[in-house]
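Summary of structural features
In case you want the letters, here they are:
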Amino acid sequence: IHFYKRSMADEELKSQEETSPEKLTSTWLTLLSCSLCGSVCRRAVTSSCCGSASQACRSCAVKRVTAGRTCWICQRADLKLDEDLVNCEKLREACSWFRDHGTLESHQVEELRELNNMSIRSRKLKKLGDKEKEMCREMLKKEDSKREKLEVEEQHERDKKEREEKLRREERDDRRRKEREKRKEKEREEKKKREELKKILEKQRKEAWEKRKRELAAEKILEEERKKVKELEDIERKVDERIENIITKLVEEQLEMQKKEIESEVLKKVRTARLKMEKEIKEEILNMKKLSQEHEKKRKEEFEKYVIETEKRLEEERKEIAEERLEILAEREQIENELRKQKKREEKKLKNEQSMILGKDKSRPKLSFSLNK
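Just so it is clear, the structure is predicted and the values come from calculations on it, not from any experiment.

1. A look at the overall build of the protein
Along the protein, the regular secondary structure elements total eight helices and three strands. Taken from N to C terminus, the helices and strands of the protein fall in the order α-α-β-β-α-α-β-α-α-α-α. Counted over contacts in the protein with a minimum sequence separation of 6, partners at least 24 positions apart contribute 55%. Of the roughly 31,100 Å² of accessible surface on the protein, a fraction of 51% belongs to carbon and sulfur atoms.

2. Observations regarding the pairing of strand S2 (residues 51-57)
Taken across its seven residues, S2 has six buried, putting it largely inside the fold. In this sheet, S2 lies alongside strand S1 (residues 44-47) in antiparallel orientation, the contact comprising three bridges. Bridge pairing in S2 links Val 45 to Ala 56. Between S1 and S2, which follow one another and run antiparallel, lie three residues.

3. Description of the pattern of salt bridges
Tallied over the full model, the rule gives twelve salt bridges. A salt bridge links Glu 154 to Arg 158; the shortest N-O distance between them is 3.7 Å. Remark: Arg 158 and Glu 154 occur in helix H7 (residues 130-258); sequence separation between them is four residues, near one turn of the helix. The exposure class assigned to Glu 154 is partly exposed, which follows from its relative accessible area of 38%. Between Glu 179 and Arg 183 there is a salt bridge; the shortest N-O distance is 3.8 Å. Taken together, the residues Glu 179 and Arg 183, both in helix H7 and four residues apart, mark about one turn of the helix. Classification of Arg 183 by relative accessible area gives partly exposed; the value is 47%.

4. So, a negative patch on the surface
There is a patch of like negative charges on the surface, built from Glu 195, Glu 196, Glu 207, Glu 210, Glu 311, Glu 315, Glu 316, Glu 320, Glu 323, Glu 324, Glu 327 and Glu 331. Listing elements by their share of the negative patch, those giving two or more residues are H7 and helix H8 (263-358). Element by element, the count of residues in the negative patch is highest for H8, at eight residues. Among the structural elements, Glu 210 can be located in helix H7. Exposure remark for Glu 210: the relative accessible area of 43% places this residue in the partly exposed category.

5. Regarding the side chain of Thr 46
Relative to the helices and strands, Thr 46 resides in strand S1. With residues near it in sequence (within four places) discarded, Thr 46 still touches Gly 51, Ser 52, Ser 54, Gln 55, Asp 84, Leu 85, Val 86 and Cys 88.

6. Notes on the sheet that holds S2
Strand order in the open sheet formed by three strands is S2-S1-S3, and the pairing between neighbours is antiparallel. For this open sheet the edge positions go to S2 and strand S3 (85-87), each flanked by a neighbour on one side alone. With strand direction ignored, the average angle separating the axes of adjacent strands in the sheet is 40 degrees. Against the sheet, helix H3 (residues 58-68) makes contact with S1, S2 and S3, and its axis sits at roughly 100 degrees relative to S2, the strand it touches most. Helix-sheet contacts for helix H5 (residues 89-101) involve S1, S2 and S3, and the interaxial angle to S1 is about 150 degrees.

7. Notes on a positive patch on the surface
Residues Arg 168, Arg 172, Arg 176, Arg 180, Lys 184, Arg 188 and Lys 192 make up a contiguous surface patch of positive charge. Of note, Arg 188 is situated in helix H7.

8. A few points about unusual backbone geometry
Within the chain, Arg 43 stands out as a residue other than glycine whose phi angle is a positive 50 degrees. A positive phi angle is found at Arg 69, which is not glycine, with a value near 55 degrees. Structurally, Arg 69 can be placed in the loop between H3 and helix H4 (81-84). On the basis of relative accessible area, Arg 69 is assigned to the partly exposed category, the value being 42%.

9. Quick word on H5
If you check H5, its first and last C-alpha atoms are 18 Å apart, about what 13 residues at 1.5 Å a residue would give, namely 18 Å. Of the positions making up H5, those classed as buried are Leu 91, Ala 94, Cys 95 and Phe 98. Taken end-on, H5 shows its buried residues confined to a sector of 100 degrees, consistent with a single buried face. Of the residues in H5, the exposed ones pointing more than 90 degrees away from the buried face are Glu 93 and Asp 100. Gly 102, located one to two residues past H5, shows a positive phi value of around 80 degrees.

10. Looking at the pairing of S1
In S1, alternate side chains face the same way, and those of Ala 44 and Thr 46 on one face and Val 45 and Ser 47 on the other are all buried. Relative to S3, S1 runs antiparallel, the two sharing three bridges. Across the sheet, Val 45 pairs through a bridge with Asn 87, a residue of S3.

11. Observations regarding the confidence of the model for the protein
Mean pLDDT over the protein stands at 79; residues scoring 70 or higher make up 84%. Counting contacts from residues 1-10, a segment whose pLDDT is below 50, to residues more than four positions away or on other chains yields seven contacts. For residues 12-18, every residue scores under 50 in pLDDT, and the model assigns this stretch six contacts once sequence neighbours within four places are set aside.

12. Considering the nonpolar core
Counting residues in each nonpolar core, the largest one holds 26 residues, and the members touching the most others are Leu 32, Leu 91, Leu 104 and Leu 112. Broken down by secondary-structure element, the contributors of at least two residues to this core are helix H2 (21-32), S1, S2, H3, H5 and helix H6 (106-127). Top contributing element to this core by residue count: H5, with four residues. With sequence-adjacent residues up to four places away left out, Leu 104 is seen in contact with Trp 28, Leu 32, Ala 94, Trp 97, Phe 98, Val 109 and Leu 112.

Rules and cut-offs
- All chains use their own residue numbering, which begins from 1 and follows the written sequence.
- Under the rules for a predicted model, residues below a pLDDT of 70 receive no local features and side-chain atom pairs below 80 are neither given nor counted, while totals for whole chains, interfaces and linings still include all residues.
- The basis for every side-chain value is the complete set of heavy atoms in the structure, and neither hydrogens nor water enter the calculation.
- Numbering goes from the N terminus for both helices and strands, where a helix is a DSSP run of H or I of at least four residues and a strand is a run of E of at least two.
- The contact criterion used throughout is that any non-hydrogen atoms of two residues lie within 4.5 Å.
- Here the open area of atoms and residues is found with the Shrake-Rupley method and a 1.4 Å probe, where only the protein chains shown may cover a residue.
- Note on classification: 1.4 Å probe, protein chains only; a residue is buried when its accessible area is under 20% of the maximum for its type, exposed when over 50%, partly exposed between these limits.
- Any two strands with at least two DSSP-identified bridges between them are counted as paired.
- Within this document, salt bridges are pairs made up of a side-chain nitrogen of Lys or Arg and a carboxyl oxygen of Asp or Glu, the two lying within 4 Å of each other.
- Two distance rules govern patches: like charges are joined within 9 Å, and nonpolar side chains (Val, Leu, Ile, Met, Phe, Trp, Tyr) within 5 Å, applied only to residues with over 30% relative accessible area and no salt bridge.
- Neither His nor the chain ends is counted toward charge; the positive residues are Lys and Arg and the negative residues Asp and Glu.
- Lys charges are placed at NZ, Arg charges at CZ, Asp charges at CG and Glu charges at CD.
- Every angle, taken between N-to-C directions, lies between 0 and 180 degrees, and every axis is a line fitted to C-alpha atoms, over only the stretch in contact when it is a helix.
- In this scheme, a helix's expected span is set at 1.5 Å multiplied by one less than its residue total.
- Throughout, the arc means the angular range of directions from the helix axis out to the C-beta atoms.
- A residue's pLDDT is the confidence the predictor assigns to it, expressed on a 0 to 100 scale.
- Nonpolar cores were defined as sets of buried Ala, Val, Leu, Ile, Met, Phe, Trp, Tyr and Cys residues, with membership established by side-chain atoms within 4.5 Å.

Here's what the structure looks like:
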């Protein structure tokens, strides 16, 4: 009994010491290794006489038994393959898991250690008497019941921790979901505001383009009037040239027909005709000039009125646009201020929540754990 207690204490010390990854792998290999070839067991079996102390690969065990018909641990004779070699399912599962993942889980290690302890106990019980065996069995039963109670309590604690973690995760997920919804709402509002600003800008562009069109039309009208004035001047010049040409032609014809005799008469007639023609043409030109001047005056007055009206309208529209821009800028500043305030509130709220979670504000009690009762 004292030996059993000492061995349990040594095993607890070993389990506490073997915390580094290298030590853990070495302990896993000792639990999983074949007692004959030394590698991780394949299709693990044990002998009926020695239990998990004789764990080995099935092929290695079959070779050894067929060669000597004896146990490779206790040297018991007359071993039979079909009766004395027992398949160890727990060990097989642990070996396949170790090959796939390169590690072992805690419950698998505990099961393998229990198998080893059971085999050690069974071998030690065989050496003891009947009374001592009964005492040892009672002690073992008590130890097993205590261990089971401890395992149940640990399981309850684990379940409690898992529930708490689950609740924390759910709260975190709810918080994140609410934050996402808030962000989406902000984005929608910003998008609406951008669209409204775009519409206003497009409207302003259209109005500016229409104003530009009107200005271009007014410029075209002015150019047309200038062209007409030039055309009138050209017509007057051409009329003068034509009159001179006609007069010169008439004079030349008359001179040719009556040269010296009719020179004086022709000259008189030409002068009179020329004077008459000049008077008539001058009168016509004066009338044309008066009409054109009156027309130009009317046009100029109308154009000046139109220009004054357009300038007034442009000034009014510019004032309206400037007022609208000022209103838009004021609204934008208000929105930015509100967004900054909201962001500060959210950051403050997050900091408070983090301090609550981390226990910086001494709102959460400190947890303490101990293995002793």
